[in-house]
Amino acid sequence: MTFHFPFDNSYARLPDRFFARVAPAVAPAPVLIRVNRGLATALGLDADWLESPEGLEVLSGKRVAEGAEPIAMAYAGHQFGNFVPQLGDGRAILLGEVVDTHGHRKDIQLKGAGRTPFSRGGDGRAVLGPVLREYVVSEAMAALGIATTRALAAVTTGEKVMRDAVLPGAVLTRVASSHIRVGTFQYFAARQDVEGLQTLTRYVIDRHYPDAAVEENPARAFLDSVITAQAKLVASWLLVGFIHGVMNTDNTSVAGETIDYGPCAFMDAYDPATVFSSIDRGGRYAYGNQPQIMQWNLTRLAETLLPLLADEEEAAIELAQEALSSFAAQFEQAYHSGLMRKLGLFTTRDGDMELARDMLSAMTQNQVDFTLFFRRLADAEAPGSPDEPIRALFVDPTVCDALLARWRERIAQEAGEENRRDLMRLVNPAYIPRNHRIEAMIKSAVEEGDFAPFEELLTVLAKPYDDQLEWAHYMDPPQEHERVRATFCGT
Ligand code: AMP
Ligand code: MG
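Keep in mind that this is a model prediction, so the values were computed, not measured.

Looking only at helices and strands, the protein chain has 17 helices and twelve strands in total. Against the 2.2 N^0.38 benchmark of 23 Å for 491 residues, the protein chain shows a C-alpha radius of gyration of 23 Å, consistent with a compact globule. Its C-alpha atoms give the protein chain principal-axis dimensions of roughly 65 × 60 × 40 Å. Pairs at least 24 residues apart make up 72% of the contacts formed inside the protein chain by residues separated by at least 6 positions. Total accessible area on the protein chain stands at roughly 19,900 Å², and carbon and sulfur atoms take up 51% of it. Across the protein chain, 47 positive and 67 negative side-chain charges occur, with their mean positions spaced 4 Å apart.

Next up, the structure:
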C-alpha cells in the first residue's frame, strides 16, 4: 500500500504520559460530504484519493491510514473559570502530522471519531450540525486572513447520536499547526510534573517558535511569543466581529490559531455586549470581553511556566508579570491600527481613535450592522457617491450624517490616497458567515439531507472581500424573523 498521508509524527514520540494511544471507532456507513481539495493539495495530499472509497474509510475512522499513530492528547483547562485537571481529547483523535508544501508541520485530526480514555461521560461523537458549522466558519476565517485551524473534510458516519434529539453522527478532519493548548501546559503543572513541562516547552519552541530556542531565557521568549500571537489574534477577531464563545484555556492554542469552533458566531449589529452561546449565561465570553479573557488565559499559561522562567519563584513571577503586562499594549496596537485601516486612514492624527470610538458607540446606539457599515463606508469614499446606503443602516440617519462629515474632513487631510477605497475594501469584508445563514444551512443538511446551502456558503465565503454580485443577498443581515439569538455547541 502506498502512503497517502506522508505522516511524520513527532507528538507521538513524546513520553507516554502526554497522550493515550487509541484507535478511531469504526463508522458503520460512512458517506462523504466534502473534501477540501485546495487544502488537500496544499498539504501535499491526493484530493482524488481522499474522495475515493478508501479515502472515505480513513476520513471516517473506519481504516487507520498507513503511517498514522492515532493518539488522544492529554490536557487540562479552566472552563468558564473553573479548573479541571484532566480534560484531554475526549472525541478527537490525532492521526499524525504531515509537512505541507510550504514546509509547515500540520496535525491531521479526526473530530468525532469515538471514545478515548479522556471521554469521561461523553460518547466521543460529533453531530452533523456542529461539524458543518466548524467547517464553514473555520474556512471563512482562513479566507478572511485570520489564523485558524482548517477543515480538510467532513463525512457522516451513518450512526445515530443522542443529543436533545437523535442526530446524524459526523466526523470533521481538522488541520492545525498543532493542537497544543494552554490547557496542555496546565495538565503538567497541575501534576507538578516539571520534567513534563520542560519537555513540552522544548517541543513547542522547536515546533512553533524556533527563535526562542536561542534566546537567553527560552521559556520567557516562548511566553512572549504566545502573548504576541494571541494579542494579534484577538484583535483580528474583533475587527471582523467574531465571537469565539468558549474561550476556555483548553480552547486556546499556543500556536496562536483560532481553535475549537463551538457556539461561535459573527455579530450583526455592533454591540460589545453581544453573546450568542447558550452556555455563556454570565456573558463571560462576550464580544468585547475577549481581550481581557485572553489576558486571563495567558496568565494561566504564565503560571505554569514559573518553574522554567527562573530558579527563584520571586524572580520567575516578576518575569511572568513583565511578559503579561505587554499584552494590553500589543492588543491595542493591533486593534487600533486595524481600525484605522478599516476607516481608510493611513497616517495617525490626534483624535483618530476618538472618531473611531464615536463611530462604534453610535453604531451600538443605532443598531448598525458592523460589517455593512465598514463596507459601505468604503463605497461612500468616492466623491459624489450617495450616502443613502450607509445612512439606511442607522435608526437615526442624522447621527450618520454627522459622523460622515467628520470622517470626510479627516480623510481630506491625507494626501493622494487614490486607492483608499480599494485598500478599505481589502480589510472590510462584504461576506461573513452570518449566523442565520449558518443555521439555515445546518437545517437543510440535517433535516432534508440537502447540502447545497453548505456548498453555496463555502463558495461565497471563500472570497469575502470580493463583490460577487451574484451572491449579494448573502451580505444581508437577518430579517427580524431570521435572527438567531442563541447558538449551541452541540457536544
Ligand atoms: P469542547 O467543549 O469541545 O472544547 O470540549 C471540552 C472537553 O469535553 C474536551 O475534553 C472534549 O474532548 C470533551 N468532549 C466534548 N464533547 C465530547 C463528547 N461528545 N464525548 C466525549 N468528550 C467530549
Ligand atoms: Mg475544546
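For the rest of this paragraph, the subject is helix H16 (residues 435-448). The end-to-end C-alpha distance of H16, which contains 14 residues, comes to 19 Å, matching closely the 20 Å that a straight helix rising 1.5 Å per residue would cover. For H16, the set of buried residues is Asn-435, His-436, Ile-438, Met-441, Ile-442, Ser-444 and Ala-445. Contact partners of the buried residues in H16: helix H4 (128-144), strand S12 (265-266) and helix H17 (452-461). The positive-phi residue at the C-terminal boundary of H16 is Gly-449, with phi of around 65°.

As assigned here, the protein chain comprises domain 1 (11-182) and domain 2 (345-416). Taking only C-alpha atoms, the centre of domain 1 and the centre of domain 2 are 42 Å apart.

Scanning the model with the defined rule gives 38 salt bridges in all. Its salt-bridge partner being Glu-51, residue Arg-37 comes within 2.8 Å of it at the nearest N-O pair. Linking Arg-37 in helix H1 (residues 37-42) with Glu-51 in helix H2 (residues 47-51), this pair joins segments that are 14 residues apart in sequence. Via salt bridges that share partners, Asp-8, Glu-97, Arg-105, Asp-107 and Arg-207 belong to a single interconnected network.

With that out of the way, let us pick up the packing of aromatic side chains. According to the stated counting rule, one finds 22 aromatic pairs in the structure shown. Between Phe-331 and Tyr-335 the ring centres are 5.5 Å apart and the planes differ by 10°, which places this aromatic pair in the stacked class. In this pair, Phe-331 and Tyr-335 both sit in helix H10 (residues 327-342), four residues apart, roughly one turn of the helix. Here Phe-331 and Tyr-335 have matching classes, each one buried. Pairwise contacts between aromatic rings join Tyr-270, Tyr-287, Phe-370, Phe-373, Phe-374 and Phe-394 into one cluster. Between the NZ or CZ atom of Arg-437 and the centre of the ring of Tyr-474, over which it lies, the distance is 4.3 Å.

To continue, consider the coordination of the magnesium ion (ligand 2). Within the protein, the magnesium ion (ligand 2) binds to Asn-251 (OD1) and Asp-260 (OD); these donor distances fall in the range 2.0 to 2.1 Å. The buried category is assigned to Asn-251, whose relative accessible area is 11%.

Within soluble globular proteins, side chains that are nonpolar generally end up buried alongside one another. Counting 156 residues, the largest nonpolar core has Phe-5, Tyr-11, Phe-185 and Phe-373 as its most contacted members. Residue-level mapping places this core at the junction of two domains, with at least three residues from each of domain 1 (11-182) and domain 2 (345-416). Apart from residues lying up to four places away in sequence, Phe-5 is in contact with Leu-45, Trp-49, Leu-50, Val-58, Ala-65, Glu-66, Val-98, Ile-108 and Leu-152.

The next point concerns the side chain of Asn-297. Mapped onto the elements, Asn-297 comes out in helix H8 (residues 290-309). A polar contact of 3.2 Å, which involves the side chain of Asn-297, links it to the side chain of Thr-252.

Not every one of the 18 residues close to ligand 1 is listed here, only the nearest: Gly-88, Gly-90, Asp-123, Gly-124 and Asn-251. Contact between ligand 1 and Asp-123: a nitrogen atom at 3.0 Å from a side-chain N or O atom of the residue. The contact in question runs from a nitrogen atom of ligand 1 to an N or O atom on the backbone of Arg-125, over 3.3 Å. Broken down by class, the residue content of the shell around ligand 1 amounts to two nonpolar, eight polar and eight charged.

A word on empty space enclosed by the protein. According to the stated counting rule, one finds three cavities of 30 Å³ or more in the structure shown. Taken as a whole, the largest cavity encloses approximately 50 Å³ of empty space. What lines the largest cavity is simply Gln-230, Leu-233, Trp-237, His-244, Met-247, Asn-251, Thr-252, Ser-253, Glu-257, Thr-258, Ile-259 and Met-294. Top element by residues in the lining of the largest cavity is helix H7 (residues 218-240). It accounts for three residues.

Before going further, it helps to examine the side chain of His-179. Within the secondary structure, His-179 sits in the loop between strand S10 (166-176) and helix H5 (182-190). At 3.2 Å, the side chain of His-179 forms a polar contact with the side chain of Arg-174. Leave out the neighbours within four places in its chain, and His-179 touches Met-73, Asp-107, Gln-109, Arg-174, Thr-184 and Ile-259.

Take unusual backbone geometry next. Glycine aside, residues mostly have negative phi, and peptide bonds are mostly found in the trans state. Here the phi dihedral of Phe-80 falls at roughly 50°; this positive angle occurs in a residue that is not glycine. On the basis of relative accessible area, Phe-80 is assigned to the partly exposed category, the value being 27%. Although it is not a glycine, Arg-120 adopts a positive phi angle of roughly 50°.

In terms of residue burial, strand S7 (residues 105-111) counts as a mostly covered element, since six of its seven residues are buried. In terms of strand pairing, strand S6 (residues 92-99) meets S7 through seven bridges, oriented antiparallel. Residue pairing in the sheet places Ile-93 in a bridge with Leu-110 of S7. Hairpin connection between S6 and S7: a loop of five residues separates the two successive antiparallel strands, and Gly-103 in this loop has a positive phi of roughly 85°. Here five bridges tie S7 to S10, and the two strands are oriented antiparallel to one another. Looking at S10, one finds that Gln-109 is bridged to Arg-174.

Relative placement of two packed helices is described by the angle separating their axes and the distance separating the axes. At their nearest, the axes of H5 and helix H6 (residues 194-208) sit 9 Å apart, and the two run at 160° to each other. By the angle class used here, H5 and H6 are roughly antiparallel. Across the interface between the two elements, Thr-184, Phe-185, Phe-188 and Ala-189 from H5 touch Gly-196, Leu-197, Leu-200, Thr-201 and Val-204 from H6. Looking at the contact of H5 with H6, its residues break down into six nonpolar, three polar and no charged.

Conventions used here
Residues numbered from 1 in each chain as written. Chains lettered and ligands numbered in written order. Predicted model: local features only at pLDDT ≥ 70, side-chain atom pairs only at ≥ 80, totals over all residues. Heavy atoms only, no water. Helix = DSSP H or I, 4+ residues; strand = E, 2+ residues; numbered from the N terminus. Rg over C-alpha atoms; globule rule 2.2 N^0.38 Å. Contact = heavy atoms within 4.5 Å. Areas by Shrake-Rupley, 256 points an atom, 1.4 Å probe, with all protein chains shown as cover. Lys, Arg positive; Asp, Glu negative; His and termini not counted. Charge placed at Lys NZ, Arg CZ, Asp CG, Glu CD. Expected span 1.5 Å × (residues − 1). Buried < 20%, exposed > 50% of the residue type's maximum accessible area, 1.4 Å probe, protein only. Domains from an automatic or database assignment. Salt bridge = Lys/Arg side-chain N within 4 Å of Asp/Glu carboxyl O. Phe/Tyr/Trp six-rings, centres within 6.5 Å; stacked < 30°, edge-to-face > 60°. Lys NZ or Arg CZ within 6 Å of the ring centre and 35° of its normal. Donors = N, O, S within 2.8 Å, 3.2 Å for Na, K, Ca; no water. Core = buried A, V, L, I, M, F, W, Y, C linked by side-chain atoms within 4.5 Å. Polar contact = N/O pair within 3.5 Å; in protein donor to acceptor, adjacent residues only side chain to side chain. Near = heavy atom within 4 Å. Nonpolar A, V, L, I, M, F, W, Y, C, P; charged D, E, K, R; others polar. 1 Å grid on protein atoms, 1.4 Å probe; cavity = no way out; pocket = protein on both sides within 12 Å on 5 of 7 lines; lining within 4 Å. Points joined across faces, edges and corners; volume = space filled by probe spheres on them. Pairing = 2+ DSSP bridges. Axes fitted to C-alpha atoms, helices over the stretch in contact; angles between N-to-C directions. Parallel < 35°, antiparallel > 145°, perpendicular 65-115°, else oblique.

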